[in-house]
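A structural walkthrough
Below are the chains, spelled out letter by letter.
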Amino acid sequence: MTTTVQVKRSSLNETRIVELADAPLGDGEVRLKVESFSVTANNVTYAVAGDAFGYWNFFPGEGEWGVVPMWGHAVVTESCHPDIAVGERVYGYLPMADGLDVLPTGVSAGGFTDAAAHRQPMSPIYNQYSRLAADPEHDPAREGERMIFGPLFKTGFLIESFMRREGWFGAEAVILTSASSKTAMGLASVARHRSPGVKRIGLTSAGNVDFVRRGGFYDLVLAYDDLAGLPQVGSVLVDFAGNAALTHAVHTALGERLKYSCTVGATHVGAGFGQDRGPLPGPAPVLFFAPDHAVAAIQELGTKAFGAAVAESWLRFIAEADGALTIAEQTGLEAARAAYLATLAGQADPAVGIVIRP
């Protein structure tokens, strides 16, 4: 049996836990037992944008019910693939569940891709699994940090790389909404070291201002209701909140000084993600879809050089973030459901990273 947390796609705060019988493995298939995964605002974005970007398609649910993707670790419990042994561990995209069957293809010492037919229309970035025995990013002592920060950090890395290639659109400052989010902190860290001439401004809720300032990733931290404090200089906006009213307010505050605006996530559920609030002063927001930029960056740099650049920035970020986050491990899918609902409701503590062991 596989136990799964399912979410009602039309009402994201309605959930259920179901048990489904496992089908016999087919030729070449592998059965994974999910060992651990993190629950972050990134997972909420997958749910909010699930229909728009196909996130519900990775781990199909039943009818109106879907399964939110997670990042985590798993162990092989059954294998019908000659090159993958029972007992080996992998890292990658997993369901909010205690198991997953995959059909490995392109198997190498470092990893494989799930060739399951229903996953092929989506970005290949999400279908890749690292085999931990030969994974240069794997650190047994940092598995929690990797699940919590890793995918989000790479998005931040890709945003900085894109902005730098574009000369930051002539801007002197980058404004990051939802500055307490893991992706925003990752972007700020990479920008500090790779684009030191660009001022980093973090926007967050009043209750999170002190936490964000303590992290040290930003030159200036402002509460959302203090936009009058925004420096009147050429700026780019990177919006992780998905809050239409906030986006409109930042555009209005800067007007023509805003050189570029992009939307990345949706941490403020119910605050108008994807809604059209009418004409905005300044540039129209552009969606940043990380998997497309990852494919482009890998093609430009080559797989090895890209991996080395990410690894260098990742190690620096983890050292900088050490102590900024407490990792709380919880057991069971009921805990996973509770963590998801708390994050969805905006009640999760940004200083605590949740790791679930189903």
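**A closer look at the overall build of the chain**
- Looking only at helices and strands, one finds nine helices and 18 strands in the chain.
- Against the 2.2 N^0.38 benchmark of 21 Å for 358 residues, the chain shows a C-alpha radius of gyration of 20 Å, consistent with a compact globule.
- Considered along the principal axes of its C-alpha atoms, the chain spans approximately 60 × 45 × 35 Å.
- Taking all 358 residues of the chain together, the buried fraction comes to 54%.
- Across the chain, every contact between residues at least 6 apart in sequence was considered, and the portion connecting residues at least 24 apart equals 72%.
- Counting only carbon and sulfur atoms, one obtains 51% of the accessible surface of the chain, whose full area is about 14800 Å².
- Charge centroids of the chain, computed over 27 positive and 38 negative side chains, lie 5 Å from each other.

**Considering the packing of helix H4 (residues 182-194) against helix H8 (residues 303-321)**
- As a packed pair, H4 and H8 sit with axes 10 Å apart at the nearest point and diverge in direction by 115°. Considering their axes alone, H4 and H8 lie roughly perpendicular with respect to each other. For the element pair H4 and H8, the recorded crossing hand is right-handed. Across from Met185, Gly186, Ser189, Val190, Arg192, His193 and Arg194 in H4, the residues of H8 making contact are Ser313, Arg316, Phe317 and Glu320.

**Remarks on the pairing of strand S9 (residues 111-114)**
- Where strand S8 (residues 104-105) meets S9, two bridges bridge the pair, whose relative direction is antiparallel. Within the sheet, the bridge partner assigned to Thr105 lies in S9 and is Thr113.
- Count of turn residues in the S8/S9 antiparallel hairpin: five residues, of which Gly106 carries a positive phi of about 60°.
- Sheet analysis places S9 next to strand S10 (residues 128-131), joined by three bridges and oriented antiparallel. Within the sheet, the bridge partner assigned to Thr113 lies in S10 and is Gln128.

**A closer look at the pattern of salt bridges**
- Within the structure shown, the criterion is met by 20 salt bridges.
- One salt bridge connects Glu78 with Arg31, and the closest N-O pair in it is separated by 3.1 Å. Placement of the pair is Glu78 in strand S5 (residues 69-79) and Arg31 in strand S3 (residues 30-39), with a sequence separation of 47 residues.
- Under the relative-accessibility criterion, Glu78 is labelled partly exposed at 36%.

**Here we look at the sheet that holds strand S2 (residues 11-20)**
- Read across the sheet, three strands follow the order S2-S1-S4 without closing on themselves; strand pairing throughout is antiparallel. Strands at the two margins of the open sheet, each flanked by one partner only, are S2 and strand S4 (65-66).
- Across two bridges, the pairing between strand S1 (residues 2-8) and S4 is antiparallel. Of the residues in S4, the one forming a bridge with Val7 is Gly66.
- Strands S1 and S2 of the sheet are contacted by helix H9 (residues 333-344), whose axis makes an angle of about 170° with S2.

The rules behind each value
- Within every chain, residues take consecutive numbers counted from 1 along the sequence as written.
- Thresholds applied to this predicted model are a pLDDT of at least 70 for local features of residues and 80 or more for the giving and counting of side-chain atom pairs; totals over whole chains, interfaces and linings are not thresholded and use all residues.
- With hydrogens and water excluded, all non-hydrogen atoms of the structure serve as input to the side-chain values.
- Helix numbers and strand numbers start at the N terminus; a helix is a DSSP run of H or I with at least 4 residues, a strand a run of E with at least 2.
- Just to be clear, the radius of gyration here is over C-alpha atoms, and the globule rule we use is 2.2 Å times residues to the power 0.38.
- With a 1.4 Å probe rolled over the protein chains alone, any residue whose accessible area is under 20% of its type maximum counts as buried; one over 50% counts as exposed, and the rest are partly exposed.
- Throughout, a contact is declared for two residues whenever any of their heavy atoms are within 4.5 Å.
- Only the protein chains shown count as covering a residue, and every accessible area follows the Shrake-Rupley method with a 1.4 Å probe.
- Here the positive residues are Lys and Arg and the negative ones are Asp and Glu; neither His nor the chain ends is included.
- Charge positions come from single atoms, namely NZ of Lys, CZ of Arg, CG of Asp or CD of Glu.
- Axis lines are fitted to C-alpha atoms, over the contacting stretch for helices. Their N-to-C directions set the angle, which ranges from 0 to 180 degrees.
- Any angle between 65 and 115 degrees counts as roughly perpendicular, while under 35 counts as roughly parallel, over 145 as roughly antiparallel, and the rest as oblique.
- Whether a crossing is left-handed or right-handed is set by the direction in which the near helix is turned from the far one by less than a right angle, anticlockwise for left-handed and clockwise for right-handed.
- For two strands to be treated as a pair, DSSP must find no fewer than two bridges joining them.
- One speaks of a salt bridge when a side-chain nitrogen belonging to Lys or Arg is within 4 Å of a carboxyl oxygen belonging to Asp or Glu.

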